[in-house]
Every structure is written in C-alpha cells, then in structure tokens.
Amino acid sequence: MRPVAERLLSVREDFPIFQRRPSGKPLIYLDSSSTSQKPAVVIEALAGHLREHNANVHRGVYELAQEADAAYEEARAKVAAFTGAQPQLTIFTKNVTEAINLVAYAWGRAHVGAGDAVLVTQMEHHANIIPWQVLCRERGANLRYLEVDERGELSLQALEDELARGDVRLVAFTHVSNVLGTINPVAEITGRARAAGALTLVDGAQAVPQMPVDVGELGADFYAWTGHKALGPTGVGVLHGRREILEQMEPFLTGGDMIASVDFQTATWNELPWKFEAGTPMIAEAVGLGVAVEYLSALGMEHVREHERELTAQMLQELSALPGVRILGPPEAESRGGLVAFTLEGIHPHDVAELVSREGVCIRAGHHCAQPLMRCLHLGATARASVGVYNEPSDVEALVAALHGAREVFALDGARQGGAA
Ligand SMILES: Cc1ncc(COP(=O)(O)O)c(C=O)c1O
C-alpha cells in the first residue's frame, strides 16, 4: 500500500473559504455531508457566466443567447459523463429532493395503485421517505421499510422476502447513509429488484461527491443526486433515468420550455430531457456544477474516495478512544462513506456541536433529517463529523482536541474520577 501522505489529497488552497478565520480561529470544516465548500474555479465559473454569458436559454438567436445555450448543455454533458450517463437522460432539478419528487409524481402517480407497495429502508433521509408517504397515502398503497441491522447495514435476505410478496412496484434506497455512513450494495439491490419486476430509485446525494459512480453499472432505473454536496453551487440537482421509462412518463411540472407545441386546450411535450425542465432553469448553477465535476474528475474519484476513507479511518480510530462515545454504523472505514455520527455520554449533541464550534470546528448536530432511523436507534439526535477533499488529518485532530475540551467543560473526567474514588 502507498504511504499515507500519497493517499491523501492536498487541495485546501483551491478553496478560498479557508482563508477565513471565524472567531479568530482557523476554519475546521467537518460538515461536508450537509454541503461542501466550493473551489475557486466553481465560484469563478458562476460569476464568469453571469458576467460574460448571461442570457436565457432555449429561446434566443443572438450571440449571447447561443453562448448561454451552449454553456448550459455543455454542463449537462459534463455532468452526464461524470456519472456514466447519457446527456438526454440527465435532467437538471433544483436538488435531489426535487428529483425524487419528480419520480414520485410523474412515475408514481401512474404506476402505484391500491394494494401495491413501495419499499424504502429505515436509513433514508426524509427526502426519500416523505414523497413515498404522500404517494402511498394518496393511492392506497403500502409503504414498507427494510430494517437496518446492528452493524447499520441492510439484509439482502430481508429484501428477497419483501420482493417475494409480489406487490413491490419500487425500491427506493440511499447509496450512502447520511447518518450511518453505510455504503449499500446498489448493484445487488437493483438486480434483485429488477428480477422481481420492481423499479429502483437510488438517492446518491452522499455517494456522488466522494466515490466513483457509474449509473450504468449500478443498474438503477432512477439515480438522483444534488450538486451542492459535490463542490457545486446550491440550487441544482440531477436525475438520471432509464430512457424507456422517462419517455413514457408524463411531465412533473408544466409551463414554458417543456413543451413542443401549445394550443388553447392542449399541448405536446418537448423531448428528453427538457420535458422535465419546466421554466427557466438554473443556468449559472448548472454551469458551476459542470466545472465542479470537472474539478473532481481531475482529482480522480478513486483518489477522492481513498482520501476520504483515510480520514474516516482516522475519525473512527480517534473518536472511539474518547470515553463514553457511541459511534453509529459499520465499524470499519472500508464499508462507509466519509462521515461519522456519534454521541458522547453526558453531553447533548447540540452542546457538543456548540462547544467545538468555539474552537472553529464545524460539525452538525440533530436528527440529520432521518427521524425514523433515529427512532430505530433510540436516539433523539447525534453529532456528525463529515469530510471533504479539502480536509486534512489535522482537522480530525482538532475535532478530537475540541471534544476533550467539551468533556472538561461538562466536568466529565472529574465526575468519573469522583465517582470511582
Ligand atoms: C442522503 C441524502 N438524501 C437527500 C438529501 C437532501 O438533499 P437536498 O436538500 O440537496 O435535496 C440529503 C441532504 O442532506 C442527504 O444526505
């Protein structure tokens, strides 16, 4: 194996935000699962597009408008190439939440009926639960959950048992859990679902930013992700779909740009992907995302994964040495993405996050938009540290030092010693 230094990236200087010193301290950003920081090239691409090429798309004949058209469609081509998808089957949405809603409305309303089932997992973000709750309630269908085991993983046998019931129309599941960190065996799940006649939707929000993703190899019918976690701007997400399914689907939102022709009472729909992109899209943001995925590709997604796995292994090792810590999810970095959710006995996760923030360390605390999972774990909240390409081992050390400080504030060592005496 190559030495650790070679397995780590060294790109912090590409990210201008790290020049900031909130409260006079260096910025230790360990909240990339919430949103990533942006490299200068992405910030410049956004500003540069607005400064030099700004015009609406798909409607102007003048030079500026054609530049905007080209920039928007080039961004789509870059994003599609990044995930091994075809541009025509790559739809820009506002975020992954909207991408999942698009499927729940445009596919779900036509294909899920009374007595059918939608199968999700207990480890889903609310974005991959609520659209299915609403759909199932409206259609008289059943929403069932695959259980998460003690390691924080899904059982393929349980999946087989669910599929054998013969009523599952769709299996919707996350590629990487935003709480447990678990990397799910996507191709295994999509293969088994297809064999049972069910479609699959994968929430790739936490996967695309940190590991190689090839939607063709994964075999999902729908694969959705969100740009702002992948070094891109907020306001742009992506839905990849299978051609024959997207072609049959009715539009989700309707209005300008998604039509071929309109009469007083009727209209016909535009071709893919524009059939699903009603109204003026997020042009500059898509351009920014195109540059973000180019930046990630230049680093190499294998290298990005190696970097984040290295830092995750360090987090697992150093956090588990803290007294009273409980770490959620699989114990080894190999099986998980770049995030670690944990609790510290005697300190509420919100206090943990607040106390470490005094040292410039940014982590998340709360239910992480996964309340059903938290119920299964008998927890109200956890702290969560997550890494990105710009993090370094010293960031993890700073977190651990700040957590020791938090324990001192709560006199936990003193309490422990006093109790033992
Ligand atoms: C696994 C997962 N799915 C969905 C989302 C929602 O992302 P967005 O708010 O960009 O739609 C998140 C964001 O935290 C997530 O981690």
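Before reading further, recall that the structure is shown in the block above.
Since we're looking at a predicted model, the values are computed, not measured.

A.B. asks: Can you explain the sheet that holds strand β6 (residues 199-203)? Please cite residues and give values.
C.D. replies: Strand order in the open sheet formed by 7 strands is β2-β8-β7-β6-β5-β3-β4, with mixed pairing between adjacent strands. Bordering the open sheet on either side are β2 (90-93) and β4 (142-146), each of which pairs with just one other strand. The mean inter-strand angle of the sheet, taken between neighbouring strand axes irrespective of direction, is 20 degrees.

A.B. asks: Please set out the packing of helix α4 (residues 96-111) against helix α5 (residues 130-139) residue by residue, giving values where relevant.
C.D. replies: When two helices pack together, you describe them by how their axes are tilted relative to each other and by the distance separating the axes. Here α4 crosses α5 at 20 degrees, and the two axes come no closer than 9 Å. Relative to α5, α4 is oriented roughly parallel. Of the two possible hands of crossing, α4 and α5 adopt the one that is right-handed. Counting all contacts with α4, which are made through I100, N101, V103, A104, Y105, G108 and R109, the residues of α5 involved are P131, W132, V134, L135, E138 and R139. Here the residues of the contact of α4 with α5 are counted per class, giving 8 nonpolar, 2 polar and 3 charged.

A.B. asks: Run through empty space enclosed by the protein, naming residues and quoting values.
C.D. replies: Summed over the entire model, instances satisfying the criterion amount to 1 cavity of 30 Å³ or more. The space that makes up the largest cavity amounts to roughly 130 Å³. Forming the walls of the largest cavity are 15 residues, and the residues nearest its centre are S32, P209, K229, E308 and V387. Its residues placed into classes, the lining of the largest cavity shows 5 nonpolar, 8 polar and 2 charged.

A.B. asks: Explain the nonpolar core to me, and be specific about the residues and the numbers.
C.D. replies: The biggest cluster of nonpolar side chains holds 72 residues, and the ones touching the most others in it are F92, V171, Y223, W225, L289 and V389. For this core, the element with the most residues is helix α10 (residues 283-299), which contributes 9 residues. With residues near it in sequence (within four places) discarded, L289 still touches V79, F92, W225, G227, G232, P233, V236 and V238.

A.B. asks: Help me get a handle on the site of the ligand, residues and values and all.
C.D. replies: Near the ligand, the surroundings consist of 13 residues, among which T97, D203, Q206, T226 and K229 are the closest. Between an oxygen atom of the ligand and a side-chain N or O atom of H125, the distance comes to 3.3 Å. A distance of 2.6 Å separates an oxygen atom of the ligand from a polar side-chain atom of K229. A total of 400 Å² of accessible area belongs to the ligand in isolation, and the protein chains cover 88% of it. Its atoms largely coinciding with the cavity grid, the ligand occupies the largest pocket.

A.B. asks: With reference to specific residues and values, describe unusual backbone geometry.
C.D. replies: With omega at 0 degrees, the peptide bond leading from L272 into P273 counts as cis. Structurally, P273 is set in the loop between β10 (267-269) and α10. One non-glycine residue with positive phi stands out, namely H368, at about 55 degrees. Along the polypeptide, H368 turns up in the loop between β14 (364-366) and α13 (371-376).

A.B. asks: Give me helix α6 (residues 156-164): which residues, what numbers.
C.D. replies: Residues L159, E162 and L163 constitute the buried set of α6. The buried side chains of α6 occupy one side of the element, clustering within an arc of 95 degrees when seen end-on. The exposed residues of α6 that point more than 90 degrees off its buried face are Q157 and A164. Here the buried face of α6 lies against β3 (117-121), β4, β5 (168-174) and α7 (186-195). The opening residue of α6, the one whose side-chain oxygen lies 3.3 Å from the backbone nitrogen of Q157, is S155. Where α6 ends, the next residue or the one after it, G166, has phi of about 85 degrees, a positive value.

Rules used in this analysis
- Residues numbered from 1 in each chain as written.
- Predicted model: local features only at pLDDT ≥ 70, side-chain atom pairs only at ≥ 80, totals over all residues.
- Heavy atoms only, no water.
- Pairing = 2+ DSSP bridges.
- Helix = DSSP H or I, 4+ residues; strand = E, 2+ residues; numbered from the N terminus.
- Axes fitted to C-alpha atoms, helices over the stretch in contact; angles between N-to-C directions.
- Parallel < 35°, antiparallel > 145°, perpendicular 65-115°, else oblique.
- Left-handed = near helix turned anticlockwise from the far one by under 90°.
- Contact = heavy atoms within 4.5 Å.
- Nonpolar A, V, L, I, M, F, W, Y, C, P; charged D, E, K, R; others polar.
- 1 Å grid on protein atoms, 1.4 Å probe; cavity = no way out; pocket = protein on both sides within 12 Å on 5 of 7 lines; lining within 4 Å.
- Points joined across faces, edges and corners; volume = space filled by probe spheres on them.
- Core = buried A, V, L, I, M, F, W, Y, C linked by side-chain atoms within 4.5 Å.
- Buried < 20%, exposed > 50% of the residue type's maximum accessible area, 1.4 Å probe, protein only.
- Near = heavy atom within 4 Å.
- Polar contact = N/O pair within 3.5 Å; in protein donor to acceptor, adjacent residues only side chain to side chain.
- Areas by Shrake-Rupley, 256 points an atom, 1.4 Å probe, with all protein chains shown as cover.
- Sits in = over half its atoms within 2 Å of the grid points.
- Arc of directions from axis to C-beta.

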